[in-house]
Amino acid sequence: MAGVLRAYMARMDSDHPEQALELLEPDFRYLIALPGGEATGRSKDDFAAYIAGRNAVDRAHEILRSSSDRDLETVYGVVTESGKTVGSFLSAAVVTPDGRMARYQSYFSTTYDLIDRQD
């Protein structure tokens, strides 16, 4: 089972998403592909700015599948806002030996589900 991605998403969904920064390497690089565009960065500081600019909503990531192979973790799931499913995501992270994310890539879609939803 994936470990750091579960912890990361739980922190991002909490009242203190900035705690997710504790799970990142200083030279953390990321790509988050959203329907309106991409968010990218090349440092933990860039990601801190991304977190600060997110809309404050009642958002939750429900992980439906997870996998890990050596230093790569992947998860697939759905995102809910105020209890309503709004889309699905497929995310992957390269994880360092000490359990921090070095790289992160995530794709979010409001129009396509890899796994059929039950709602």
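In this convention, every chain numbers its residues from 1, walking through the sequence in written order. Only residues with pLDDT of at least 70 are given local features in this predicted model, and only at 80 or more are side-chain atom pairs given and counted; all residues enter the totals for whole chains, interfaces and linings. Calculated side-chain values reflect all of the structure's heavy atoms, with hydrogen atoms and water omitted.

Participant: Help me get a handle on helix 1 (residues 4-13), residues and values and all.
Facilitator: Of all the positions in helix 1, only Val4, Leu5, Tyr8, Met9 and Met12 are classed as buried. Viewed end-on, helix 1 has its buried residues packed into an arc of 130°, placing them on one side of the element. It only takes one pair of heavy atoms within 4.5 Å for two residues to be counted as in contact. What counts as a helix is a DSSP run of H or I of at least four residues, what counts as a strand is a run of E of at least two, and both are numbered from the N terminus. Buried residues along helix 1 sit in contact with helix 2 (44-53), strand 3 (59-69), strand 4 (72-81), strand 5 (84-95) and strand 6 (101-109). A 1.4 Å probe rolled over the protein chains alone gives each residue an accessible area, and that area as a share of the maximum for its type sets the label: buried under 20%, exposed over 50%, partly exposed in between. Read the arc as the range of directions from the helix axis to the C-beta atoms.

Participant: Tell me about unusual backbone geometry, and please be specific about residues and values.
Facilitator: Residues apart from glycine generally show negative phi values, whereas peptide bonds are mostly found in trans. Positive phi, close to 55°, is recorded for Arg70, a residue that is not glycine. Relative to the helices and strands, Arg70 is located in the loop between strand 3 and strand 4. Despite not being glycine, Ser82 has its phi angle at roughly 50°, a positive value. On the secondary structure map, Ser82 appears in the loop between strand 4 and strand 5. When its relative accessible area of 60% is taken as the criterion, Ser82 is described as exposed.

Participant: Please provide a residue-by-residue account of the side chain of Ser91, values included.
Facilitator: One can find Ser91 in strand 5. Under the rule applied, a polar contact is a pair of N or O atoms within 3.5 Å (in protein, one hydrogen donor and one hydrogen acceptor; residues adjacent in sequence only if both atoms are side-chain atoms). Within the structure, Ser91 has its side chain in polar contact with the side chain of Tyr104 (distance 3.3 Å). The contacts of Ser91, once residues within four sequence positions are left out, are Leu5, Met9, Glu73, Thr74, Val75, Tyr104, Gln105 and Ser106.

Participant: Can you tell me about the sheet that holds strand 2 (residues 37-41), naming the residues and giving the values?
Facilitator: Adjacent strands of a sheet pair through backbone hydrogen bonds, lying either parallel or antiparallel. Pairing is mixed across the open sheet formed by six strands, whose spatial order is 2-1-6-5-4-3. With partners counted over all chains shown, the strands left at the sheet margins are strand 2 and strand 3, one partner each. Averaged over neighbouring strand pairs, the angle between their axes works out to 15° when direction is ignored. A pair of strands counts as paired when DSSP detects no fewer than two bridges linking them. Relative to strand 2, strand 1 (residues 24-34) is paired through five bridges, and the arrangement is antiparallel. Paired with Ala33 across the bridge in strand 2 is Glu38. Axis definition: a line fit to C-alpha positions, over the contact stretch in the case of helices; interaxial angles, taken between N-to-C directions, run 0 to 180 degrees. Against the sheet, helix 1 makes contact with strand 3, strand 4, strand 5 and strand 6, and its axis sits at roughly 170° relative to strand 3, the strand it touches most. Here helix 2 sits on the sheet in contact with strand 1 and strand 2, set at roughly 45° to strand 1.

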